[in-house]
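# Structural overview for review
Okay, here's what each chain looks like letter by letter:
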Amino acid sequence: MLPVAVDAMGGDAAPQPNLDGAFAAVAAGTPVVMVGPAGLAGLTSGGVTLDLIPASEVIGMKDDPAQSVRKKKDSTLVRAAEAVRDGNASAMISAGNTGATMAAALLRMGRIKGVKRPAIATPIPVPGSTPTVLLDAGANADVQAEWLVQFALMGSVYARRRFGIENPRVGLLSIGEEPGKGDALRKEAYGLLAQAPGINFVGNVEGRDVMSADIDVCVTDGFTGNVVLKTLEGSMQFLIGALLEVFAQPEYKEHADALMPALLPLYETFNPDTYGGAVLLGVDGVCIISHGSSSATAITNGIAVARELVEHDLVGEIRDVIAAATPTG
């Protein structure tokens, strides 16, 4: 397998978590190539030396995504995307500027033929079940109804390949379960999804259904999807923080010690690092977008996800389903 290209300089604490995560991935059997400055320190550890694709520029978190990708042609993000495009890497992963990561992947890898817009697919944890794939989670603030149909197709492929769900149930995020609920976009999309072949559409779903076992894929516009994602992240952080604060009180220590073995698996389920990041669906290559605060564990898991999606030919299957759904003539 070709190596996974890791943006060494992406993320709040770069490059150390990226390097540590890469070494762990190599130890687990996945080849990795770092993309970073020529003088990058720390490429050797425990007798293992990581290969490096040199890049002299870095796109910061506050930089304008599209302009930066066009102007900083020797940036780590651009070089990582080019490595995939040119067949020198099987996939790319970055914990840096999300918009710039999308722009680099789109401008350098290109879109799969027939895809109207790429979408960010994010796994939303569901205790006791497989995660719900939420898309779009932020790539397209404004969408058209036909794009949501493509999101459903791509999300279904991802759920099948990533989580082994044979016939993923697709829900359209709206303000009520009835077919007539929602704005004009949702109403039009409902009709298209209900008639689209290859989609196991179960109808409208509400925000409370995203973290339930009732659906496997939830489609929406990128504005709403990102708000849902950040709201859930904030809620989980608040809940976990409140529990830990209570457990730290001396009078509850005995109870906390008894509950911890049962709560730790739940914590792992809600920990974003467990999933390694989101995937940009619709571009002609595997692109993993990790959180800016990603730890080494998140990077390792993200690299593992990238390898899995490459081995399962995610891009090839998306290409096939989009081609089958695109009218000819």
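The structure we're discussing is the one just above.
Let me begin by describing the structure that accompanies this report.

The rules behind each value
Within each chain, residues carry numbers counting from 1 in the order of the written sequence. Local features are withheld for residues below a pLDDT of 70 in this predicted model, meaning they are given only at 70 or higher, and side-chain atom pairs are given and counted only at 80 or more; totals for whole chains, interfaces and linings count all residues. As a rule here, side-chain values come from all non-hydrogen atoms in the structure, and water together with hydrogens is ignored. Aromatic contacts are taken between Phe, Tyr and Trp rings whose centres are within 6.5 Å, Trp giving its six-membered ring; a plane angle under 30 degrees counts as stacked, one over 60 as edge-to-face, and the others as tilted. Helical segments are the DSSP runs of H or I of at least four residues, strand segments are the runs of E of at least two, and each set is numbered from the N terminus. Each residue's exposure class comes from its accessible area (1.4 Å probe, protein chains only) as a fraction of the maximum for that residue type: buried when under 20%, exposed when over 50%, partly exposed otherwise. Joining through side-chain atoms within 4.5 Å is the link that ties buried Ala, Val, Leu, Ile, Met, Phe, Trp, Tyr and Cys residues into a set, and such a set is a nonpolar core. Throughout, a residue-residue contact means that at least one pair of heavy atoms, one from each residue, lies within 4.5 Å. An expected span of 1.5 Å times one less than the residue number is assigned to each helix. In this context, the arc is that of the directions from the helix axis out to the C-beta atoms. Polar contact is the term for a pair of N or O atoms within 3.5 Å; when the atoms are in protein, one must be able to donate a hydrogen and the other to accept it, and sequence-neighboring residues count only if both atoms are side-chain atoms. Every case where a carboxyl oxygen of Asp or Glu lies within 4 Å of a side-chain nitrogen of Lys or Arg is listed as a salt bridge. Strands are treated as partners if at least two bridges between them are detected by DSSP. For helices, the fitted line uses only the C-alpha atoms of the stretch in contact; every axis is such a line through C-alpha atoms, and the angle between N-to-C directions lies from 0 to 180 degrees.

## Things to note about the packing of aromatic side chains
Scanning the entire structure with this criterion turns up 2 aromatic pairs. A ring pair is formed by Tyr190 and Phe201, whose centres lie 5.1 Å apart and whose planes are at 75°; its orientation type is edge-to-face. Here the residue Tyr190 occupies a position in helix α6 (residues 184–195), and Phe201 occupies one in strand β10 (residues 200–205), the gap between them amounting to 11 residues. The same class applies to Tyr190 and to Phe201, which are both buried.

## Considering the nonpolar core
Met34, Leu135, Phe151, Tyr158, Ile199, Val219 and Leu281 are the most contacted members of the largest nonpolar core, which totals 59 residues. In terms of residue count, the dominant contributor to this core is helix α5 (residues 145–163) (12 residues). If you look at the next biggest cluster of nonpolar residues, it comprises 37 residues, including Val33, Ala137, Leu232 and Cys287.

## Observations regarding the environment of Glu146
Positionally, Glu146 belongs in helix α5. When its relative accessible area of 39% is taken as the criterion, Glu146 is described as partly exposed. Note: C-alpha distance between Glu146 and Gly234 (88 residues apart in sequence) is 31 Å. With residues up to four places along the chain from it excluded, the contact list for Glu146 reads Lys116 and Leu192.

## Observations regarding α6
With 12 residues, α6 should reach 16 Å at 1.5 Å per residue; the first-to-last C-alpha distance of 17 Å fits that figure. Every buried residue of α6 is listed here: Leu185, Arg186, Ala189, Tyr190 and Leu193. An end-on view of α6 places all buried positions within 130° of arc, on one side of the element. In α6, those exposed residues whose orientation departs by more than 90 degrees from the buried face are Ala184 and Gln195.

## Quick word on the side chain of Thr220
Within the secondary structure, Thr220 is located in the loop between β11 (217–219) and α7 (222–247). The exposure class assigned to Thr220 is buried, which follows from its relative accessible area of 0%. For Thr220, the side chain forms a polar contact with the side chain of Arg186, separated by 3.4 Å. If near-sequence neighbours (up to four positions away) are discounted, Thr220 is found in contact with Leu134, Leu135, Asp136, Leu148, Phe151, Leu173, Arg186 and Gly225.

## Section: the pattern of salt bridges
Enumeration over the complete set of coordinates arrives at 15 salt bridges. Residues Asp257 and Lys253 are paired through a salt bridge, measuring 2.9 Å at the closest nitrogen-oxygen approach. With Asp257 and Lys253 both in helix α8 (residues 253–270) and 4 residues apart, the pair spans about one turn of that helix. Given the relative accessible area of 49%, Lys253 is considered partly exposed.

## With respect to the sheet that holds strand β8 (residues 132–135)
The 11 strands lie next to each other as β5-β2-β1-β6-β13-β12-β7-β8-β11-β9-β10, forming an open sheet whose pairing is mixed. Because the sheet does not close on itself, it has two edges, and the strands there are β5 (51–54) and β10. Across the sheet, the axes of successive neighbouring strands diverge by a mean angle of 25°, strand direction being ignored. Where strand β2 (residues 32–36) lies against β5, 4 bridges are found, and the strand directions are parallel.

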